[in-house]
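What follows is the residue order along each chain.
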Amino acid sequence: MRYLNQLEPDALVARFAEHPPIDFSVVEAAGTPAFVASFDLLTTADAEVRDKLVQAPGYRWWGRLLRWRTAFVGTTVSEYALFPRDAQPAALASALRDQLGRRQRLLIVKDIPQASPLFDAASADWNRRLVEACEAAGFVMLEGQALAYVPMDFASEEEYLGRLSSGRRKDIRRKLRKRDEVEVEAVRCGDARFADDAVIDAYYALYENVYAQSEIHFDKLSRDFFAAVLRDAANGGVVFVYRHQGAMIGWNLCFVVDGKLIDKYVGFAYPQAREQNLYFTSWFHNLAFAREQGLSHYVAGWTDPQIKSYLGAQFTLTRHAIYLRNPLLRMLARRLGKFFESDSQWAAHEQA
């Protein structure tokens with residue numbers, strides 16, 4: 001892997017630089033991938049806080065003041081912030097502050113691992129030292145997102161389900177009855193079918209369906225991005241395609257990297273995907289695939305932590321290092337940071 005903290009293939013990170021999300025500008029600072037984009041400051045706020053502000057009088061007009069042009073260290077195609085392998089934490093923190101933090105009102109070093117079980121002790125120590133260096137350089141540290149993962153330490157689906165409560169087992173088994181009505185095909189990236197623009201259009205339309213129904217709209221990936229990824233036979237990607245009565249109702253793009261199954265993107269046709277309980281079917285299909293391949297982990301991403309917890313996922317938190325150019329706002333951020341740590345509950349969540 002080119003970078004520290006990288007779970008994804010190099011090719012996927014390269015496609016981000018070539019085809020960034022719509023209205024994003026890709027930059028690099030101190031050898032580290034970064035981008036600049038418009039950012040709504042309420043994006044990661046607690047739902048209760050966000051709802052109160054959105055419903056406040058005049059939000060339609062003054063709410064635009066909460067959308068800032070922001071520099072981010074990291075990418076939106078990697079689970080974690082990516083750093084040069086030979087970087088020294090103290091020098092890197094200062095360089096990022098000086099090269100990006102003083103050019104934008106806000107800089108966010110997004111998703112620094114916190115003793116992630118997906119990395120070794122040396123990586124954990126390096127990231128710990130980076131956090132300390134960021135604090136010394138004037139950054140404010142916030143709890144980040146909860147990354148869902150499943151250790152592949154079970155021999156069968158029944159053993160996995162046996163770890164859940166009886167109520168959940170019964171509900172999941174009932175939902176999984178629908179999977180007998182769905183056909184699954186594994187298609188490798190680079191397959192000849194992806195040369196057809198109409199096929200790319202169909203896959204992208206299902207991705208847009210998922211994007212449209214998401215609560216948070218931040219990064220919308222382009223059709224060109226997916227065309228480049230799906231047509232790249234060298235990236236090692238596999239697309240699980242789900243069909244009902246011959247029609248594609250969903251797809252899930254994953255990568256096998258360093259003994260882990262990395263779940264990256266999905267597309268669903270609504271209402272068919274919901275009617276067929278496709279989220280549940282795809283979750284257990286991925287677990288079966290990872291188990292059959294002898295992989296160590298299934299890494300399920302950041303979104304939908306509530307349903308992933310219900311399905312048996314564990315979580316590991318990240319940290320965000322934020323730097324506000326205005327020193328008064330930095331002081332305010334230290335006081336208000338707790339209202340922007342809504343994912344913290346999942347890391348401490350006990351499976352019922």
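Below, the structure is looked at part by part. Computed from a predicted model, the values in this text were never measured in an experiment. (Residues numbered from 1 in each chain as written. Predicted model: local features only at pLDDT ≥ 70, side-chain atom pairs only at ≥ 80, totals over all residues. Heavy atoms only, no water.)

Description of the sheet that holds strand β13 (residues 314-324)
- Taking strand neighbours across the sheet as the criterion, the eleven strands line up as β2-β3-β4-β6-β13-β7-β12-β11-β10-β9-β8 in an open arrangement whose pairing is mixed. Among the strands making up the open sheet, the edge pair consists of β2 (25-29) and β8 (182-188). If you compare each strand with its neighbour and ignore which way they point, the axes differ by 30° on average.
- Against the sheet, helix α9 (residues 223-230) makes contact with β9 (237-244), β10 (247-257) and β11 (260-268), and its axis sits at roughly 65° relative to β10, the strand it touches most.
- Across the sheet, helix α11 (residues 278-292) lies against β7 (140-151), β8, β9, β10, β11 and β12 (297-301), angled at about 140° from β9, the strand it touches most. (Pairing = 2+ DSSP bridges. Helix = DSSP H or I, 4+ residues; strand = E, 2+ residues; numbered from the N terminus. Axes fitted to C-alpha atoms, helices over the stretch in contact; angles between N-to-C directions. Contact = heavy atoms within 4.5 Å.)

Thoughts on α11
- The first and last C-alpha atoms of α11 sit 21 Å apart over 15 residues, in line with the 21 Å expected at 1.5 Å per residue.
- Counting buried residues along α11, eleven of its 15 residues qualify, which places the element largely inside the surrounding structure.
- Regarding α11, the residues found buried are L278, F280, T281, S282, W283, F284, N286, L287, A288, F289 and A290.
- Just downstream of α11 lies G294, where phi reads positive at about 70°. (Expected span 1.5 Å × (residues − 1). Buried < 20%, exposed > 50% of the residue type's maximum accessible area, 1.4 Å probe, protein only.)

Some thoughts on the pairing of β9
- Within β9, seven of the eight residues are buried, leaving the element largely enclosed by the surrounding structure.
- With seven bridges connecting them, β8 and β9 associate as antiparallel partners. Looking at the pairing, E185 lines up with V241 of β9.
- Here β9 folds back onto β10, and the loop between the two strands holds two residues, one of which, Q245, carries a positive phi near 55°.

Any functional reading would require information that these geometric values do not contain.
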